[in-house]
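# Structure at a glance
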Amino acid sequence: MNDKKRKTASLKDIVSLCKRRGFIFPGSEIYGGFANTYSYGPYGSALKKNIKDLWWKRFVQERRDIVGIDGPILLHPKAWEASGHVQGFNDALIDCKECKSRYRADHLIESELNIVVDALDLKELTDLVKKNNVRCPKCGEKNFTDARNFNLMFQTQMSKTTGNSADIAYLRPETAQAIFLEYKNVIDTMRVKLPFGIAQIGKAFRNEITPGNFIFRVIEFEQMEIEYFIREKDWQPLFEEWLKNMHNWCKDIGLSVDKTHEHEHSKEQLSHYSKKTVDIVYDFPFGTSELYGLAYRTDFDLTQHQTFSNVSLLYIDQETNERFIPHVIEPTFGVDRTILALLCDSYDEETLADGETRTVLHFSPKVAPVKAAVFPLMKKEPLAEKAKEIYDSLKSIWNVEYDESGAIGKRYRRQDELGTPYCITIDYDTLEDNTVTLRDRDSMEQERIPVDKIEETLRKLI
């Protein structure tokens with residue numbers, strides 16, 4: 001591994017690489033784009049799949065106390081009344097009367113006045129803007145509307161028969177409620193005992209007032225989330241255990257320890273359901289911001305759903321015959337923010353001994369979209385035939401690439417920019433002694449290994 005200090009990537013560097021190399025594309029680009037939507041290209045979708053597969057393996061497959069579900073995006077509207085989202089899932093919206101730009105009032109004040117305003121109500125936010133003559137960042141004027149609540153849930157119509165509020169449904173703004181609605185089915189079918197968790201990976205949707213910073217804050221995003229059901233008396237040690245698990249996950253996927261930190265929410269910052277929340281934050285190019293979250297949700301959600309549904313959600317301890325509503329610890333991992341953090345963390349521009357600059361993504365082999373690339377030294381037979389034979393032997397095991405186009409150095413650079421950890425080159429010596437050159441992305445060191453040891457070697461490295 002190359003231990004030299006890496007270049008600090010700008011967001012512009014990351015966006016450019018993602019578009020150029022097929023990681024992430026602007027959504028609906030042929031129509032001029034559709035704000036704050038993105039498509040994951042071939043390499044981005046492979047990176048995303050690797051992250052989700054590794055997370056599922058780590059937190060579901062390898063644990064006896066966690067099971068998985070895949071809940072629906074559309075839930076019964078009453079679920080969102082019970083959870084508090086219909087009444088309380090709001091941001092404070094403020095408009096510039098001159099240029100019609102919209103802002104989150106708290107973000108506008110914090111950026112312009114450099115103060116924290118988490119505990120202020122709508123009137124207090126409005127008064128702060130007016131008394132301090134806050135300017136619109138876009139047009140420079142000081143003419144704003146009063147701050148007002150803006151619900152972040154997307155509404156949709158379930159039918160066209162009545163046209164009234166009974167037809168309204170919502171795209172889920174979080175994946176958690178789908179888990180709570182299936183809690184009873186899980187305990188009835190899976191013989192789970194406290195403490196146990198239910199995990200889910202899925203899309204969520206939020207009508208953000210000010211999305212931005214590439215894929216950091218978007219209106220459609222993906223979460224990897226666990227609701228871990230516990231006895232109330234056990235919450236503190238289990239909370240600390242989950243915080244440790246989340247830090248270990250960050251290390252496992254290759255995030256720099258010195259760029260990840262903890263931020264505990266103040267009383268004013270806590271969500272209505274939370275007794276304690278700690279974010280794992282990351283040093284992004286645009287500032288230190290939330291990457292993951294860990295919340296102690298108490299028994300709020302199950303109690304609310306039991307009340308609104310009139311269905312008992314009591315947990316029955318078969319040994320003691322105790323009946324109670326479990327409490328919940330919730331570790332939440334954002335997929336898109338994980339991808340952005342990995343891109344920022346791994347990005348580097350290295351100046352080589354010959355003066356050439358190479359762009360490289362130092363992805364951990366565990367998450368790299370392409371595990372290895374296979375090259376014939378020249379696009380000639382029998383080199384190409386042998387290279388294709390080796391490629392065919394590996395492609396059913398890992399995502400590998402075959403490339404015979406251009407000089408070998410340029411092919412290495414292409415794979416460096418994709419974050420491919422290993423390249424395998426077939427040359428004329430291969431035809432003589434049945435060995436290949438294995439190149440390491442980070443050190444650029446090369447070694448000869450036998451063809452029949454390629455799979456074994458890669459398994460150890462990956």
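As a starting point, this report considers the structure included with it. (Residues numbered from 1 in each chain as written. Predicted model: local features only at pLDDT ≥ 70, side-chain atom pairs only at ≥ 80, totals over all residues. Heavy atoms only, no water.)

## Some words on the side chain of Arg 441
Using the following cut-off: Think of it this way: any DSSP run of H or I at least four residues long counts as a helix, any run of E at least two long counts as a strand, and we number them from the N terminus. Under the rule applied, a polar contact is a pair of N or O atoms within 3.5 Å (in protein, one hydrogen donor and one hydrogen acceptor; residues adjacent in sequence only if both atoms are side-chain atoms). Whether two residues are in contact is decided by their heavy atoms, any of which lying within 4.5 Å being enough.
In this fold, Arg 441 is placed in the loop between β22 (435-440) and β23 (446-450). A polar contact of 2.7 Å, which involves the side chain of Arg 441, links it to the backbone oxygen of Phe 363. Those residues in contact with Arg 441, other than ones at most four positions away along the chain, are Arg 358, Val 360, Leu 361, His 362, Phe 363, Asp 416, Gly 419, Thr 420 and Pro 421.

## Re the sheet that holds strand β9 (residues 196-205)
Definition in use: Here, strands pair whenever DSSP counts at least two bridges between them. Convention adopted: a line fitted to C-alpha atoms gives each axis, helices being fitted over their contacting stretch, and angles between N-to-C directions are expressed from 0 to 180 degrees.
The strand order β3-β9-β10-β16-β13-β12-β11 describes an open sheet built from 7 strands, whose pairing is mixed. A strand with exactly one partner marks an edge of an open sheet, and here the two such strands are β3 (66-68) and β11 (260-264). Taken over all neighbouring pairs, the strand axes of this sheet differ in orientation by 25° on average, direction set aside. Bridge count for β9 against strand β10 (residues 220-230) is 10 bridges, and the pairing is antiparallel. Bridge pairing in β10 links Ile 201 to Met 224.

## Considering the packing of helix α2 (residues 42-61) against helix α8 (residues 235-252)
As a reminder, the rule being used: Here is the rule for angles: anything less than 35 degrees is roughly parallel, anything more than 145 is roughly antiparallel, 65 through 115 is roughly perpendicular, and the remaining ranges are oblique. Crossings are classed by handedness, with left-handed meaning an anticlockwise turn of the near helix from the far one by less than a right angle and right-handed meaning a clockwise turn. Charged residues are taken to be Asp, Glu, Lys and Arg, nonpolar residues to be Ala, Val, Leu, Ile, Met, Phe, Trp, Tyr, Cys and Pro, and polar residues to be all remaining types, Gly included.
Closest axis-to-axis distance for the α2/α8 pair is 12 Å, and the angle between their directions is 140°. Judged by the angle between their axes, α2 and α8 are oblique. Crossing handedness for the pair α2 and α8: right-handed. Residue-level inspection shows Ile 51, Leu 54, Trp 55, Arg 58 and Phe 59 of α2 in contact with α8, the latter providing Trp 242, Asn 245, Trp 249 and Asp 252. Residues that form the contact of α2 with α8 fall into these classes: 6 nonpolar, 1 polar and 2 charged.

## Some details on the packing of aromatic side chains
Let me state the cut-off plainly: Stacked, tilted and edge-to-face are the three classes assigned to paired rings of Phe, Tyr and Trp, where Trp is represented by its six-membered ring and a pair needs centres within 6.5 Å; plane angles under 30 degrees give stacked, over 60 edge-to-face, the rest tilted. When a residue's accessible area, from a 1.4 Å probe over protein chains only, is under 20% of the maximum for its type it is buried; when over 50% it is exposed; and in between it is partly exposed.
Tallied over the full model, the rule gives 25 aromatic pairs. Considering the side-chain rings of Phe 59 and Phe 333, the 5.4 Å spacing of their centres and the 40° angle between planes classify their relative orientation as tilted. Of the two residues, Phe 59 sits in helix α2 while Phe 333 sits in strand β16 (residues 327-334), which places them 274 residues apart along the sequence. According to the relative accessible area criterion, Phe 59 is buried, its value standing at 3%.

## Describing the state of the cysteines
The condition is simple: Put simply, a disulfide is two cysteine sulfurs that come within 2.5 Å.
Applying the stated criterion across every chain yields a total of 0 disulfides. For Cys 18, which is in no disulfide, the shortest distance to another cysteine sulfur is to Cys 344 and amounts to 8.6 Å. For the unlinked cysteine Cys 96, the closest cysteine sulfur is that of Cys 139, found at 3.6 Å.

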